[in-house]
Amino acid sequence: MNTHELWQSVLGELELKLSKASFTTWFRHTFISSFENGEVRVAVPNDFTKTWLEKKYHRDILLSLQNITSNTVRSIHYRVESRLNLPIEILPVGAEETEADQGYLEPDGPFRRDEINNEGVATAGDLTLNPKYSFTNFVVGKTSELAHAAAVAVAASPGLTYNPLFIYGGVGLGKTHLLQAIGNELLRRNGRVRILYATCERFTNEFIDAVRTGKAKEFKDHYRNVDLLLIDDIQFITSKERTQEEFFHTFNSLHQSNKQIVISSDRPPKAIPGLENRLLSRFESGMMADVGAPDLETRVAILEAKCREKKCELAKEILHHVATTIQSNIRELEGALIKIIAVHQFKNILPTLDSVSEVLLSFRPTAIKKTVSPRQIVQAVAAYYELAIEDLTGKSREKRLALPRQIAMFIMREEMKTSYPAIGAELGGRDHTTAMHAYNKILQNLKRDEKLQRDIELVKQRLLVV
Ligand code: ADP
Ligand code: MG
């Protein structure tokens, strides 16, 4: 029995035990990627499924595997891997759901399973487009409008409109997504088109290898016989003289024959240190488009789109809250959403603002707006601890009031840089030395008191929505 048949048998058993919905949700796109020394590696399409299988179905899977293999299986590891990375020649064009998509085909592509990274993109081998990146699921916002439009234009008439197209911007803002979407779109229009997607790192490594093993010619043929060359993260080309030279020639060769080149970078060409002038001028000769951090509206739209994709519903105010907390990058936004869904499904609770805030704690410290007033801070602390404002501003020295009061003082100082006398005044006319003492004490305790860290973070999150 090969691993494919083995997994089919396991699925057959599980299918009988589970509801159709659960079975399809959790076991579609799974397969056994290896089975060695009693250890089975189960490939799953995403972290969410991974957590779910580990926590919910592990026992069933193990029992079933042991049953079928007469107890040869000792352990199971779940790993995010994808089988969507078939060489593009054999990916049926335009097919919504291909056999390969469903994970029932053994890939016979040139890459090995263990070379597929977490994002499901094969890092070795020939053609490594990931079908999950498309124009359809790219949410366009003001800061990505230009890059998106340019990418669409390039996919519509490669080699003719903007050549090269140079897309730059910070991490997790959709550069790889756009690059791959161009490839996927082109492929959708014409299944015979030759596309090569490579990170700069891969270009470099393959070049060095080729030189070392006397295969420079093969390398040249490989990179120059394409209709579309997508090079991701070109900023890593710096200080590699021979690679730069090789890239220069590759570039020219393609450009001269009107083959499309699309490049991404985390910064504009001028800002790449050590980039040769001739490359700089080539990069700048086409179209340069930047992607910036998305605004709030776009972040909410992205979350909505991802929710639809993942078939989960979250209230608008929750999405808004997530989008307010996580501002810098889309990868993180997506990560947060996945975590929120997982945590709630797992605990079997409905998401509320509070429960979601708690999940978000692990993401990043909250920076509150500069327009928040000291009074609002007192209010937020009082609400968090279910106290009256007068409790905090009053004279009582009761212990249950002391900590919330100190936290209010701390947040005023730390976040708003309020002066100690003003803080004292805000909390019922206390002395500035009391405020100073409170600030220092909380600062000290924060270093080791996780509960305190959490409490303060949650109070600050309340302040995001005032
Ligand atoms: P970069 O290459 O700029 O670091 P990626 O393209 O890898 O960023 O994007 C990170 C993640 O965010 C990916 O999962 C991608 O699909 C998603 N993403 C980025 N931009 C958008 C967008 N505008 N709409 C939808 N998803 C996006
Ligand atoms: Mg990238």
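Quick caveat, the model's predicted, so the values are computed rather than measured.

### Here we look at the side chain of T418
Working step 1: Note on placement: T418 falls in the loop between α16 (399-416) and α17 (420-426).
Working step 2: What makes T418 buried here is its relative accessible area of 13%.
Working step 3: The contact partners of T418, leaving out residues within four places of it in the chain, are M412, R413 and I423.

### Focus: the site of ligand 1
Working step 1: Lining the immediate environment of ligand 1, one finds 16 residues, of which V139, G172, T176, H177 and E334 sit closest.
Working step 2: The contact in question runs from an oxygen atom of ligand 1 to an N or O atom on the backbone of L173, over 3.2 Å.
Working step 3: At 2.8 Å, a side-chain N or O of K175 approaches an oxygen atom of ligand 1.
Working step 4: Across the complex, the protein chains shield 95% of the 560 Å² of accessible surface that ligand 1 would expose by itself.
Working step 5: Of the residues assigned to the shell around ligand 1, the class counts are six nonpolar, six polar and four charged.

### Notes on the nonpolar core
Working step 1: If you look at the biggest cluster of nonpolar residues, it comprises 30 residues, and the most contacted ones within it are I377, I411, L427 and I456.
Working step 2: Elements supplying a minimum of two residues to this core: α14 (374-384), α15 (389-393), α16, α17, α18 (432-446) and α19 (450-464).
Working step 3: Residue contributions to this core peak at eight residues, all from α16.
Working step 4: Excluding residues that lie within four positions of it along the chain, I411 makes contacts with I368, I377, M416, I456, V459, K460 and L463.
Working step 5: Within the second largest apolar cluster, 26 residues are counted, among which are F138, A150, L179 and A289.

### Things to note about helix α11 (residues 316-325)
Working step 1: The buried count for α11 comes to seven of 10 residues, which makes it a mostly enclosed element.
Working step 2: Those residues of α11 that fall on the buried side of the exposure criterion are I318, L319, H321, V322, A323, T324 and T325.

### Details of the sheet that holds strand β1 (residues 31-36)
For sheets, the rule is that strands pair by backbone hydrogen bonds, running either parallel or antiparallel.
Working step 1: Judged by pairing direction, the sheet is mixed, and its three strands sit side by side in the order β1-β2-β3 without closing on themselves. The sheet is open, and its two borders are formed by β1 and β3 (75-80), each paired with just one other strand. Adjacent strand axes in the sheet meet at a mean angle of 25° when their direction is disregarded.
Working step 2: As defined by bridge partners, β1 adjoins strand β2 (residues 39-44) across five bridges and the pair is classed as antiparallel. Each bridged residue has a counterpart across the sheet, and for E36 the counterpart in β2 is E39.

### As for the state of the cysteines
Working step 1: Counting across every chain of the model gives zero disulfides.
Working step 2: Sulfur of C307: no disulfide; nearest cysteine sulfur belongs to C312 and is 3.6 Å away.
Working step 3: Under the relative-accessibility criterion, C307 is labelled buried at 5%.

### Overview of the confidence of the model for the protein chain
Working step 1: Taken over all residues, the pLDDT of the protein chain has a mean of 84, while the share at 70 or more is 88%.
Working step 2: Contacts for the low-pLDDT stretch residues 84-126, under 50 throughout, to residues beyond four places or in other chains number 91 contacts.

### A look at the packing of helix α10 (residues 296-309) against α11
Working step 1: Look at α10 against α11: their axes get within 9 Å of each other, and the N-to-C directions meet at 120°. By the criterion of interaxial angle, the relationship of α10 to α11 is oblique. Every pair of crossing elements has a handedness; the one defined by α10 and α11 is right-handed. Facing α10, whose interface residues are L296, R299, V300, L303, E304 and C307, α11 presents K316, L319, H320, V322, A323 and T324.
Working step 2: Counted by class, the contact of α10 with α11 contains seven nonpolar, two polar and three charged residues.

### So, the sheet that holds strand β8 (residues 287-291)
Working step 1: Taking strand neighbours across the sheet as the criterion, the five strands line up as β5-β6-β7-β4-β8 in an open arrangement whose pairing is parallel. Among the strands making up the open sheet, the edge pair consists of β5 (195-199) and β8. Recorded for the sheet is a direction-independent mean angle of 15° between the axes of neighbouring strands.
Working step 2: Pairing geometry for strand β4 (residues 165-169) and strand β7 (residues 260-265), over four bridges, is parallel. Along β7, the bridge assignment pairs L165 with V262.
Working step 3: Set on the sheet, helix α5 (residues 175-189) makes contact with β4, β5, β6 (228-232), β7 and β8; between it and β6 the angle comes to about 165°.

### Focus on the packing of aromatic side chains
Working step 1: One pass over the structure, following the stated rule, counts 14 aromatic pairs.
Working step 2: Their ring planes at 40° and their centres at 4.8 Å tell us that F219 and Y223 sit as a pair that is tilted. Of the two residues, F219 and Y223 are both situated in helix α7 (residues 216-224); the distance of four residues between them amounts to about one turn of the helix. Summarising the burial analysis for this pair, F219 and Y223 share the class buried.

### Some remarks on unusual backbone geometry
Working step 1: The amide bond that connects N163 to the next residue, P164, takes the cis arrangement and shows omega of 0°.
Working step 2: Along the chain, P164 turns up in the loop between α4 (145-156) and β4.
Working step 3: A positive phi angle is found at N258, which is not glycine, with a value near 55°.
Working step 4: For N258, the position within the fold is in the loop between α8 (241-256) and β7.
Working step 5: The exposure class assigned to N258 is partly exposed, which follows from its relative accessible area of 47%.
Working step 6: With a phi angle near 55°, E386 is a residue other than glycine that sits in the positive phi range.
Working step 7: Inspection of the secondary structure puts E386 in the loop between α14 and α15.
Working step 8: What makes E386 exposed here is its relative accessible area of 73%.

Definitions and cut-offs
Residues numbered from 1 in each chain as written. Chains lettered and ligands numbered in written order. Predicted model: local features only at pLDDT ≥ 70, side-chain atom pairs only at ≥ 80, totals over all residues. Heavy atoms only, no water. Helix = DSSP H or I, 4+ residues; strand = E, 2+ residues; numbered from the N terminus. Buried < 20%, exposed > 50% of the residue type's maximum accessible area, 1.4 Å probe, protein only. Contact = heavy atoms within 4.5 Å. Near = heavy atom within 4 Å. Polar contact = N/O pair within 3.5 Å; in protein donor to acceptor, adjacent residues only side chain to side chain. Areas by Shrake-Rupley, 256 points an atom, 1.4 Å probe, with all protein chains shown as cover. Nonpolar A, V, L, I, M, F, W, Y, C, P; charged D, E, K, R; others polar. Core = buried A, V, L, I, M, F, W, Y, C linked by side-chain atoms within 4.5 Å. Pairing = 2+ DSSP bridges. Axes fitted to C-alpha atoms, helices over the stretch in contact; angles between N-to-C directions. Disulfide = S-S within 2.5 Å. pLDDT = per-residue confidence, 0-100. Parallel < 35°, antiparallel > 145°, perpendicular 65-115°, else oblique. Left-handed = near helix turned anticlockwise from the far one by under 90°. Phe/Tyr/Trp six-rings, centres within 6.5 Å; stacked < 30°, edge-to-face > 60°.

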